[in-house]
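# Structural overview for review
What follows is the residue order along each chain.
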Amino acid sequence: MFKFDRKKILIVGAGLAGSTIGRVLAENNFKVMIIDKRNHIAGNVFDFINNNNERIHKYGPHLLHCRKNSEALKFLSRFTKWVKYEHKVRALLQNGKTTPLPINKSTLEDVFNRFFKDENETREFLESIRNKELIPTNTDEFFESSVGNTLSDLFFRPYTRKMWGLEPKDLNISVGSRLPVRTNNDDRYFNDEFQALPEKGYSEMVENMLDHKNIQINLNTSYFKGMEENYYHSFLSIPIDEFFNFKFGKLPYRSIIFEEKLENGFDFDAPVINFTDNSPFTRKTQWNLFPNSYNFEGKFKTVTYERPCSMQVNPGEYYYPVQTKESNITYSKYVKLSKQESSLTFIGRTGLFKYIDMIPAVEIHMRIAKKFLQGIDISK
Ligand SMILES: Cc1cc2nc3c(=O)[nH]c(=O)nc-3n(C[C@H](O)[C@H](O)[C@H](O)COP(=O)(O)OP(=O)(O)OC[C@H]3O[C@@H](n4cnc5c(N)ncnc54)[C@H](O)[C@@H]3O)c2cc1C
(Lines give C-alpha, C1' and ligand atoms only; values in the text may rest on other atoms or scores of the structure.)
Protein backbone atom coordinates (compact mmCIF):
# COMPACT_ATOMS: atom_id res chain seq x y z
CA MET A 1 0.00 0.00 0.00
CA PHE A 2 1.07 3.54 -0.68
CA LYS A 3 1.85 5.85 2.25
CA PHE A 4 1.26 8.81 -0.07
CA ASP A 5 -2.40 7.97 -0.55
CA ARG A 6 -4.46 10.72 -2.17
CA LYS A 7 -1.44 12.28 -3.84
CA LYS A 8 -2.23 14.02 -7.04
CA ILE A 9 -1.56 12.58 -10.48
CA LEU A 10 -1.31 14.53 -13.72
CA ILE A 11 -2.27 12.85 -16.97
CA VAL A 12 -1.67 14.65 -20.24
CA GLY A 13 -3.97 13.34 -22.95
CA ALA A 14 -7.56 12.08 -22.61
CA GLY A 15 -7.10 9.36 -25.24
CA LEU A 16 -7.37 5.66 -24.44
CA ALA A 17 -3.89 5.57 -22.88
CA GLY A 18 -4.51 8.45 -20.46
CA SER A 19 -8.11 7.48 -19.75
CA THR A 20 -7.18 3.89 -18.90
CA ILE A 21 -4.46 4.93 -16.46
CA GLY A 22 -6.73 7.66 -15.07
CA ARG A 23 -9.57 5.26 -14.33
CA VAL A 24 -7.38 2.58 -12.73
CA LEU A 25 -5.63 5.12 -10.49
CA ALA A 26 -8.87 6.92 -9.59
CA GLU A 27 -10.31 3.60 -8.44
CA ASN A 28 -7.27 3.29 -6.21
CA ASN A 29 -7.91 6.59 -4.45
CA PHE A 30 -5.57 8.81 -6.43
CA LYS A 31 -6.80 12.28 -7.35
CA VAL A 32 -6.35 12.44 -11.08
CA MET A 33 -6.14 15.60 -13.19
CA ILE A 34 -6.46 14.90 -16.91
CA ILE A 35 -5.71 17.65 -19.39
CA ASP A 36 -6.04 17.63 -23.17
CA LYS A 37 -5.20 20.32 -25.68
CA ARG A 38 -8.22 19.37 -27.78
CA ASN A 39 -11.78 20.47 -27.03
CA HIS A 40 -12.93 16.87 -26.56
CA ILE A 41 -12.05 13.69 -24.69
CA ALA A 42 -11.28 10.26 -26.25
CA GLY A 43 -8.27 11.35 -28.33
CA ASN A 44 -8.21 9.76 -31.74
CA VAL A 45 -11.13 7.43 -31.01
CA PHE A 46 -13.48 10.43 -30.67
CA ASP A 47 -16.76 10.03 -32.54
CA PHE A 48 -19.97 12.05 -32.81
CA ILE A 49 -23.41 12.01 -34.48
CA ASN A 50 -23.76 14.56 -37.28
CA ASN A 51 -26.91 16.30 -38.56
CA ASN A 52 -27.57 13.36 -40.87
CA ASN A 53 -27.67 10.96 -37.88
CA GLU A 54 -24.46 9.31 -39.03
CA ARG A 55 -21.83 8.39 -36.46
CA ILE A 56 -18.55 9.87 -37.65
CA HIS A 57 -15.16 8.81 -36.27
CA LYS A 58 -13.39 12.16 -36.47
CA TYR A 59 -9.91 10.65 -36.86
CA GLY A 60 -10.68 7.78 -39.24
CA PRO A 61 -12.66 4.54 -38.85
CA HIS A 62 -11.84 2.66 -35.64
CA LEU A 63 -12.65 -1.05 -35.51
CA LEU A 64 -12.30 -2.99 -32.30
CA HIS A 65 -11.04 -6.57 -32.49
CA CYS A 66 -9.47 -8.94 -29.95
CA ARG A 67 -9.57 -12.28 -28.15
CA LYS A 68 -12.82 -12.97 -26.26
CA ASN A 69 -10.96 -13.30 -22.96
CA SER A 70 -8.90 -10.11 -23.35
CA GLU A 71 -8.44 -8.26 -20.03
CA ALA A 72 -8.76 -4.96 -21.93
CA LEU A 73 -12.09 -6.05 -23.38
CA LYS A 74 -13.34 -6.97 -19.90
CA PHE A 75 -12.25 -3.56 -18.67
CA LEU A 76 -13.89 -1.64 -21.54
CA SER A 77 -17.07 -3.69 -21.23
CA ARG A 78 -17.67 -2.01 -17.87
CA PHE A 79 -18.19 1.24 -19.78
CA THR A 80 -20.09 0.21 -22.89
CA LYS A 81 -22.30 -2.44 -24.44
CA TRP A 82 -21.21 -3.73 -27.85
CA VAL A 83 -22.79 -4.09 -31.26
CA LYS A 84 -21.40 -7.07 -33.18
CA TYR A 85 -19.62 -5.91 -36.30
CA GLU A 86 -17.14 -7.79 -38.47
CA HIS A 87 -15.26 -5.26 -40.54
CA LYS A 88 -15.01 -5.62 -44.32
CA VAL A 89 -12.77 -3.72 -46.70
CA ARG A 90 -12.72 -3.91 -50.49
CA ALA A 91 -10.11 -2.57 -52.88
CA LEU A 92 -11.05 -0.64 -55.98
CA LEU A 93 -9.65 -2.25 -59.15
CA GLN A 94 -8.79 -0.45 -62.39
CA ASN A 95 -11.97 -1.77 -64.05
CA GLY A 96 -14.11 0.06 -61.45
CA LYS A 97 -15.10 -3.16 -59.63
CA THR A 98 -14.09 -3.92 -56.06
CA THR A 99 -12.48 -7.03 -54.61
CA PRO A 100 -11.96 -8.27 -51.01
CA LEU A 101 -8.99 -7.17 -48.93
CA PRO A 102 -7.14 -8.91 -47.27
CA ILE A 103 -6.45 -11.07 -50.30
CA ASN A 104 -8.60 -14.21 -50.31
CA LYS A 105 -9.80 -16.78 -52.86
CA SER A 106 -12.22 -14.29 -54.51
CA THR A 107 -9.49 -11.64 -54.77
CA LEU A 108 -7.21 -14.07 -56.63
CA GLU A 109 -10.10 -15.07 -58.91
CA ASP A 110 -10.97 -11.41 -59.63
CA VAL A 111 -7.40 -10.32 -60.32
CA PHE A 112 -6.21 -13.32 -62.34
CA ASN A 113 -9.57 -13.97 -63.99
CA ARG A 114 -9.56 -17.62 -62.93
CA PHE A 115 -11.73 -19.96 -60.93
CA PHE A 116 -10.40 -22.14 -58.11
CA LYS A 117 -12.53 -25.09 -57.16
CA ASP A 118 -11.36 -25.25 -53.55
CA GLU A 119 -8.85 -24.02 -50.98
CA ASN A 120 -6.20 -26.53 -52.10
CA GLU A 121 -6.25 -25.27 -55.63
CA THR A 122 -6.11 -21.66 -54.38
CA ARG A 123 -3.17 -22.46 -52.10
CA GLU A 124 -1.28 -24.17 -54.93
CA PHE A 125 -1.78 -21.09 -57.10
CA LEU A 126 -0.63 -18.74 -54.36
CA GLU A 127 2.44 -20.91 -53.80
CA SER A 128 3.22 -20.67 -57.53
CA ILE A 129 3.16 -16.85 -57.57
CA ARG A 130 4.87 -15.98 -54.32
CA ASN A 131 8.65 -15.88 -53.85
CA LYS A 132 9.13 -18.83 -51.53
CA GLU A 133 12.94 -18.59 -51.50
CA LEU A 134 12.97 -15.08 -50.06
CA ILE A 135 13.42 -14.71 -46.30
CA PRO A 136 11.94 -11.23 -45.77
CA THR A 137 13.85 -8.59 -43.83
CA ASN A 138 11.71 -5.56 -44.70
CA THR A 139 8.14 -4.70 -45.76
CA ASP A 140 8.84 -4.92 -49.50
CA GLU A 141 10.38 -8.37 -49.19
CA PHE A 142 7.52 -9.42 -46.97
CA PHE A 143 5.04 -8.55 -49.73
CA GLU A 144 7.05 -10.40 -52.37
CA SER A 145 7.51 -13.49 -50.23
CA SER A 146 3.87 -13.70 -49.18
CA VAL A 147 1.98 -12.85 -52.41
CA GLY A 148 4.53 -12.29 -55.22
CA ASN A 149 5.24 -9.24 -57.35
CA THR A 150 1.99 -8.90 -59.36
CA LEU A 151 -0.21 -8.65 -56.27
CA SER A 152 2.39 -6.55 -54.43
CA ASP A 153 2.42 -4.03 -57.29
CA LEU A 154 -1.36 -3.99 -57.47
CA PHE A 155 -2.36 -3.85 -53.81
CA PHE A 156 0.56 -3.07 -51.59
CA ARG A 157 3.52 -1.15 -53.03
CA PRO A 158 1.75 2.02 -54.31
CA TYR A 159 -0.53 2.03 -51.23
CA THR A 160 2.42 1.68 -48.84
CA ARG A 161 4.36 4.47 -50.61
CA LYS A 162 1.53 6.97 -50.27
CA MET A 163 0.61 5.78 -46.78
CA TRP A 164 4.13 6.11 -45.39
CA GLY A 165 5.85 8.44 -47.87
CA LEU A 166 8.64 5.85 -48.01
CA GLU A 167 9.71 2.93 -50.15
CA PRO A 168 8.41 -0.34 -48.65
CA LYS A 169 12.01 -1.65 -48.54
CA ASP A 170 12.82 1.09 -46.01
CA LEU A 171 10.05 0.07 -43.61
CA ASN A 172 10.39 -2.47 -40.83
CA ILE A 173 8.88 -5.82 -41.66
CA SER A 174 6.30 -5.33 -38.88
CA VAL A 175 4.61 -2.57 -40.93
CA GLY A 176 3.77 -4.87 -43.84
CA SER A 177 3.05 -8.03 -41.93
CA ARG A 178 -0.20 -6.83 -40.36
CA LEU A 179 -2.50 -8.18 -43.10
CA PRO A 180 -3.30 -11.89 -43.45
CA VAL A 181 -3.48 -13.68 -46.83
CA ARG A 182 -6.26 -16.25 -47.15
CA THR A 183 -7.02 -19.12 -49.49
CA ASN A 184 -10.69 -19.42 -48.48
CA ASN A 185 -13.60 -17.01 -49.00
CA ASP A 186 -13.37 -15.36 -45.58
CA ASP A 187 -13.68 -11.65 -46.42
CA ARG A 188 -13.45 -10.25 -42.89
CA TYR A 189 -10.69 -7.71 -42.40
CA PHE A 190 -9.64 -9.19 -39.04
CA ASN A 191 -9.41 -12.81 -37.86
CA ASP A 192 -10.20 -12.07 -34.22
CA GLU A 193 -13.01 -13.90 -32.42
CA PHE A 194 -14.39 -10.69 -30.90
CA GLN A 195 -15.16 -7.84 -33.29
CA ALA A 196 -17.57 -5.08 -32.35
CA LEU A 197 -18.31 -1.39 -32.02
CA PRO A 198 -19.42 0.38 -28.82
CA GLU A 199 -23.22 0.55 -28.82
CA LYS A 200 -23.27 4.33 -28.32
CA GLY A 201 -19.86 5.13 -29.73
CA TYR A 202 -16.31 5.48 -28.43
CA SER A 203 -16.77 8.99 -27.03
CA GLU A 204 -19.51 7.82 -24.67
CA MET A 205 -17.42 4.80 -23.67
CA VAL A 206 -14.50 7.07 -22.72
CA GLU A 207 -16.87 9.54 -21.02
CA ASN A 208 -18.05 6.65 -18.80
CA MET A 209 -14.43 5.67 -18.08
CA LEU A 210 -13.69 9.19 -16.93
CA ASP A 211 -16.89 9.53 -14.89
CA HIS A 212 -15.35 9.06 -11.44
CA LYS A 213 -15.29 11.32 -8.41
CA ASN A 214 -11.49 11.27 -8.32
CA ILE A 215 -11.08 12.41 -11.94
CA GLN A 216 -11.05 16.03 -13.02
CA ILE A 217 -10.76 16.93 -16.71
CA ASN A 218 -9.52 20.17 -18.21
CA LEU A 219 -9.96 20.39 -21.98
CA ASN A 220 -8.42 23.04 -24.25
CA THR A 221 -5.37 22.86 -21.99
CA SER A 222 -1.90 22.28 -23.38
CA TYR A 223 0.91 20.80 -21.36
CA PHE A 224 3.82 23.07 -20.52
CA LYS A 225 7.08 22.15 -18.80
CA GLY A 226 6.89 22.61 -15.06
CA MET A 227 3.18 21.78 -14.85
CA GLU A 228 4.13 18.41 -13.34
CA GLU A 229 5.77 20.03 -10.32
CA ASN A 230 2.52 20.06 -8.35
CA TYR A 231 1.93 16.36 -8.88
CA TYR A 232 3.36 13.23 -7.33
CA HIS A 233 3.62 11.55 -10.72
CA SER A 234 2.77 12.53 -14.29
CA PHE A 235 1.83 10.38 -17.26
CA LEU A 236 2.40 12.15 -20.54
CA SER A 237 0.89 11.09 -23.86
CA ILE A 238 2.86 13.71 -25.73
CA PRO A 239 5.62 13.23 -28.30
CA ILE A 240 8.68 12.15 -26.32
CA ASP A 241 11.06 13.95 -28.73
CA GLU A 242 9.20 17.24 -28.28
CA PHE A 243 9.49 16.97 -24.49
CA PHE A 244 13.28 16.78 -24.81
CA ASN A 245 13.39 19.66 -27.32
CA PHE A 246 14.29 17.30 -30.17
CA LYS A 247 17.76 16.84 -28.65
CA PHE A 248 18.43 13.75 -30.79
CA GLY A 249 16.37 14.92 -33.76
CA LYS A 250 12.69 14.61 -34.70
CA LEU A 251 10.98 11.23 -34.60
CA PRO A 252 9.17 10.74 -37.93
CA TYR A 253 5.38 10.52 -38.10
CA ARG A 254 2.89 10.32 -40.90
CA SER A 255 -0.23 12.44 -40.68
CA ILE A 256 -3.59 12.25 -42.44
CA ILE A 257 -5.97 14.85 -43.83
CA PHE A 258 -9.61 13.79 -43.60
CA GLU A 259 -11.85 15.20 -46.32
CA GLU A 260 -15.62 14.86 -45.87
CA LYS A 261 -17.96 14.81 -48.85
CA LEU A 262 -21.71 14.34 -49.22
CA GLU A 263 -22.52 11.74 -51.87
CA ASN A 264 -25.79 10.34 -53.17
CA GLY A 265 -24.65 7.37 -55.27
CA PHE A 266 -25.15 3.65 -54.58
CA ASP A 267 -23.98 2.25 -51.24
CA PHE A 268 -20.35 1.11 -51.28
CA ASP A 269 -19.70 -2.66 -51.48
CA ALA A 270 -18.20 -2.38 -47.96
CA PRO A 271 -18.01 0.48 -45.40
CA VAL A 272 -14.37 1.05 -46.33
CA ILE A 273 -12.99 1.04 -49.89
CA ASN A 274 -9.20 1.15 -50.33
CA PHE A 275 -7.53 2.97 -53.20
CA THR A 276 -4.47 0.87 -53.90
CA ASP A 277 -3.31 2.86 -56.95
CA ASN A 278 -1.11 5.98 -57.16
CA SER A 279 -3.95 8.44 -56.39
CA PRO A 280 -3.38 10.64 -53.29
CA PHE A 281 -6.14 8.98 -51.21
CA THR A 282 -5.74 5.69 -49.34
CA ARG A 283 -9.38 4.94 -48.52
CA LYS A 284 -12.93 6.22 -48.25
CA THR A 285 -15.49 5.42 -45.55
CA GLN A 286 -19.27 5.45 -45.82
CA TRP A 287 -20.34 6.04 -42.22
CA ASN A 288 -24.01 5.05 -42.31
CA LEU A 289 -22.98 1.48 -43.18
CA PHE A 290 -21.63 0.92 -39.64
CA PRO A 291 -24.23 -0.76 -37.41
CA ASN A 292 -23.95 1.77 -34.57
CA SER A 293 -24.83 4.62 -36.94
CA TYR A 294 -28.56 4.39 -36.27
CA ASN A 295 -31.48 6.23 -37.88
CA PHE A 296 -29.61 7.65 -40.85
CA GLU A 297 -31.98 9.82 -42.82
CA GLY A 298 -31.34 11.97 -45.80
CA LYS A 299 -30.45 11.61 -49.39
CA PHE A 300 -26.78 12.40 -49.07
CA LYS A 301 -24.38 10.10 -47.26
CA THR A 302 -21.25 11.39 -45.61
CA VAL A 303 -18.10 9.86 -47.03
CA THR A 304 -14.64 10.59 -45.62
CA TYR A 305 -11.58 10.40 -47.87
CA GLU A 306 -8.15 9.98 -46.26
CA ARG A 307 -5.07 11.60 -47.71
CA PRO A 308 -1.81 10.71 -45.93
CA CYS A 309 0.66 13.57 -45.66
CA SER A 310 3.79 14.74 -43.90
CA MET A 311 3.75 16.45 -40.51
CA GLN A 312 4.72 19.72 -42.21
CA VAL A 313 1.42 19.67 -44.10
CA ASN A 314 -0.65 18.85 -40.98
CA PRO A 315 1.35 20.17 -37.99
CA GLY A 316 0.59 18.77 -34.54
CA GLU A 317 -1.52 15.87 -35.88
CA TYR A 318 0.69 12.86 -35.11
CA TYR A 319 -0.93 9.68 -36.45
CA TYR A 320 1.43 6.92 -37.46
CA PRO A 321 4.96 6.61 -36.01
CA VAL A 322 7.24 5.70 -38.95
CA GLN A 323 9.25 2.71 -37.79
CA THR A 324 12.64 2.46 -39.47
CA LYS A 325 16.02 1.32 -38.17
CA GLU A 326 17.10 4.96 -37.70
CA SER A 327 13.90 6.09 -35.98
CA ASN A 328 14.07 3.16 -33.56
CA ILE A 329 17.65 4.08 -32.65
CA THR A 330 16.66 7.73 -32.10
CA TYR A 331 13.68 6.66 -29.99
CA SER A 332 15.87 4.46 -27.79
CA LYS A 333 18.07 7.51 -27.01
CA TYR A 334 14.99 9.41 -25.81
CA VAL A 335 13.94 6.42 -23.71
CA LYS A 336 17.34 6.38 -22.03
CA LEU A 337 17.03 10.09 -21.26
CA SER A 338 13.48 9.69 -19.92
CA LYS A 339 14.72 7.21 -17.30
CA GLN A 340 16.33 10.14 -15.49
CA GLU A 341 12.84 11.60 -14.93
CA SER A 342 11.61 9.33 -12.17
CA SER A 343 8.31 11.14 -11.64
CA LEU A 344 7.37 11.14 -15.33
CA THR A 345 6.14 8.31 -17.52
CA PHE A 346 5.68 8.62 -21.26
CA ILE A 347 2.60 6.82 -22.50
CA GLY A 348 0.42 6.40 -25.57
CA ARG A 349 1.25 6.34 -29.25
CA THR A 350 3.49 9.39 -29.21
CA GLY A 351 5.06 8.81 -25.79
CA LEU A 352 5.99 5.23 -26.70
CA PHE A 353 6.56 6.01 -30.41
CA LYS A 354 4.55 2.96 -31.34
CA TYR A 355 1.40 2.39 -33.39
CA ILE A 356 -0.96 0.70 -30.93
CA ASP A 357 -4.44 -0.60 -31.71
CA MET A 358 -7.13 0.21 -29.16
CA ILE A 359 -7.14 -3.09 -27.28
CA PRO A 360 -3.33 -3.26 -26.94
CA ALA A 361 -3.41 0.43 -25.93
CA VAL A 362 -5.77 -0.39 -23.06
CA GLU A 363 -3.83 -3.54 -22.13
CA ILE A 364 -0.44 -1.77 -22.06
CA HIS A 365 -1.75 1.12 -19.97
CA MET A 366 -3.64 -1.11 -17.52
CA ARG A 367 -0.30 -2.82 -17.00
CA ILE A 368 1.54 0.48 -16.51
CA ALA A 369 -1.08 1.62 -13.98
CA LYS A 370 -0.88 -1.66 -12.05
CA LYS A 371 2.91 -1.54 -11.90
CA PHE A 372 2.71 2.02 -10.65
CA LEU A 373 0.29 0.92 -7.92
CA GLN A 374 2.63 -1.87 -6.90
CA GLY A 375 5.50 0.58 -6.68
CA ILE A 376 7.38 -1.20 -9.49
CA ASP A 377 9.76 0.91 -11.59
CA ILE A 378 7.57 1.63 -14.63
CA SER A 379 10.39 2.88 -16.78
CA LYS A 380 11.42 -0.77 -17.30
C1 LIG B 1 -6.07 6.90 -38.51
C2 LIG B 1 -6.08 5.89 -37.40
C3 LIG B 1 -6.95 4.80 -37.46
C4 LIG B 1 -6.97 3.87 -36.43
N5 LIG B 1 -7.81 2.79 -36.52
C6 LIG B 1 -7.83 1.86 -35.54
C7 LIG B 1 -8.67 0.72 -35.62
O8 LIG B 1 -9.41 0.52 -36.59
N9 LIG B 1 -8.66 -0.18 -34.60
C10 LIG B 1 -7.84 -0.01 -33.50
O11 LIG B 1 -7.88 -0.85 -32.60
N12 LIG B 1 -7.05 1.08 -33.38
C13 LIG B 1 -7.01 2.01 -34.38
N14 LIG B 1 -6.19 3.11 -34.26
C15 LIG B 1 -5.37 3.28 -33.05
C16 LIG B 1 -6.05 4.10 -31.96
O17 LIG B 1 -6.37 5.38 -32.44
C18 LIG B 1 -5.09 4.17 -30.78
O19 LIG B 1 -5.01 2.90 -30.18
C20 LIG B 1 -5.48 5.14 -29.71
O21 LIG B 1 -5.80 6.37 -30.23
C22 LIG B 1 -4.33 5.27 -28.73
O23 LIG B 1 -4.63 6.23 -27.79
P24 LIG B 1 -3.55 7.24 -27.22
O25 LIG B 1 -4.13 7.69 -25.95
O26 LIG B 1 -2.21 6.63 -27.23
O27 LIG B 1 -3.46 8.42 -28.29
P28 LIG B 1 -4.51 9.53 -28.72
O29 LIG B 1 -5.84 8.95 -28.91
O30 LIG B 1 -3.89 10.26 -29.85
O31 LIG B 1 -4.59 10.50 -27.46
C32 LIG B 1 -3.55 11.38 -27.11
C33 LIG B 1 -4.18 12.67 -26.58
O34 LIG B 1 -3.14 13.49 -26.05
C35 LIG B 1 -3.44 14.83 -26.35
N36 LIG B 1 -2.21 15.62 -26.31
C37 LIG B 1 -1.09 15.42 -27.04
N38 LIG B 1 -0.15 16.34 -26.76
C39 LIG B 1 -0.70 17.15 -25.81
C40 LIG B 1 -0.21 18.29 -25.10
N41 LIG B 1 1.02 18.79 -25.32
N42 LIG B 1 -1.02 18.88 -24.19
C43 LIG B 1 -2.28 18.39 -23.97
N44 LIG B 1 -2.77 17.30 -24.60
C45 LIG B 1 -1.99 16.69 -25.51
C46 LIG B 1 -4.05 14.77 -27.73
O47 LIG B 1 -4.84 15.90 -28.00
C48 LIG B 1 -4.86 13.49 -27.69
O49 LIG B 1 -6.20 13.71 -27.35
C50 LIG B 1 -6.11 4.03 -35.31
C51 LIG B 1 -5.24 5.12 -35.26
C52 LIG B 1 -5.20 6.03 -36.28
C53 LIG B 1 -4.20 7.16 -36.23
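Look up a bit, the structure's there.
So, a few notes on the structure that sits alongside this text. Model, not experiment: these values are computed from the prediction. Starting afresh in each chain, residues are numbered from 1 along the sequence in its written order. Reporting in this predicted model follows two pLDDT cut-offs: at least 70 for local features of residues, and 80 or more for side-chain atom pairs to be given and counted; totals over whole chains, interfaces and linings ignore these cut-offs and use all residues.

## Describing unusual backbone geometry
Applicable threshold: Helical segments are the DSSP runs of H or I of at least four residues, strand segments are the runs of E of at least two, and each set is numbered from the N terminus. Exposure classification rests on a simple neighbour count of other C-beta atoms within 10 Å of a residue's own: a residue reaching 20 or more is buried, one at 12 or fewer is exposed, and one in between is partly exposed. C-beta atoms are placed from the backbone.
Omega for the peptide link from L101 to P102 comes to 0 degrees, which places this bond in the cis form. If you trace the backbone, P102 turns up in the loop between strand 8 (98-101) and helix 3 (105-112). Positive phi, close to 85 degrees, is recorded for A42, a residue that is not glycine. Turning to its location among the elements, A42 is positioned in the loop between strand 2 (31-35) and strand 3 (47-49). The residue N220 is not glycine, and still its phi comes out positive at about 50 degrees. Among the structural elements, N220 can be located in the loop between strand 10 (215-218) and strand 11 (233-236). Judged by C-beta crowding, with 10 C-beta atoms within 10 Å, N220 ranks as exposed.

## Points about the sheet that holds strand 13 (residues 272-275)
Spelled out, the test is: At least two DSSP bridges between two strands are required for those strands to pair.
With mixed pairing, seven strands are arranged side by side in an open sheet as 8-7-13-14-15-12-16. A strand with exactly one partner marks an edge of an open sheet, and here the two such strands are strand 8 and strand 16 (320-321). Pairing analysis gives four bridges linking strand 14 (residues 283-286) to strand 15 (residues 301-309), with the strands arranged antiparallel. Bridge assignment links T285 to a residue of strand 15, and that residue is T304.

## Remarks on the site of the ligand
Cut-off, in case you're wondering: We call a residue near a molecule or strand when its C-beta atom, built from the backbone, sits within 6 Å of it. Just so you know the grouping, Ala, Val, Leu, Ile, Met, Phe, Trp, Tyr, Cys and Pro go in nonpolar, Asp, Glu, Lys and Arg go in charged, and all remaining residues, Gly too, go in polar.
Taken together, the neighbourhood of the ligand is formed by 32 residues, with G13, G15, G43, G348 and D357 sitting nearest. Of all the elements in the fold, those that place two or more residues in the shell around the ligand are helix 1 (16-26), helix 10 (348-351) and helix 11 (358-373). Examining the composition of the shell around the ligand, we find that three residues originate from one element, helix 1, more than from any other. Partitioned by chemical class, the residues of the shell around the ligand number 17 nonpolar, ten polar and five charged.

## Digging into the environment of R182
Short version of the rule: C-beta atoms are first placed from the backbone for all residues, and any pair lying within 7 Å is then listed as a contact.
Structurally, R182 is set in the loop between helix 6 (173-176) and strand 9 (194-198). Along the backbone, R182 and T122 are 60 residues apart, and their C-alpha atoms lie at a distance of 9.0 Å. Ignoring sequence-local partners within four residues, the contact set of R182 consists of P102, I103 and N104.

## A look at helix 1
With respect to burial, helix 1 is a largely interior element, eleven of its eleven residues being buried. Among the residues of helix 1, those classed as buried are L16, A17, G18, S19, T20, I21, G22, R23, V24, L25 and A26.

## What about the pairing of strand 7 (residues 89-92)?
Bridge analysis of strand 7 against strand 8 gives four bridges, and the strand direction is antiparallel. Pairing of R90 across the sheet is with P100, part of strand 8. Here strand 7 folds back onto strand 8, and the loop between the two strands holds five residues, one of which, G96, carries a positive phi near 90 degrees. Strand direction decides the pairing type here: strand 7 and strand 13, joined by four bridges, are parallel. Bridging across to strand 13, L92 finds its partner in F275.

Purely spatial values, then, with no claim about function.
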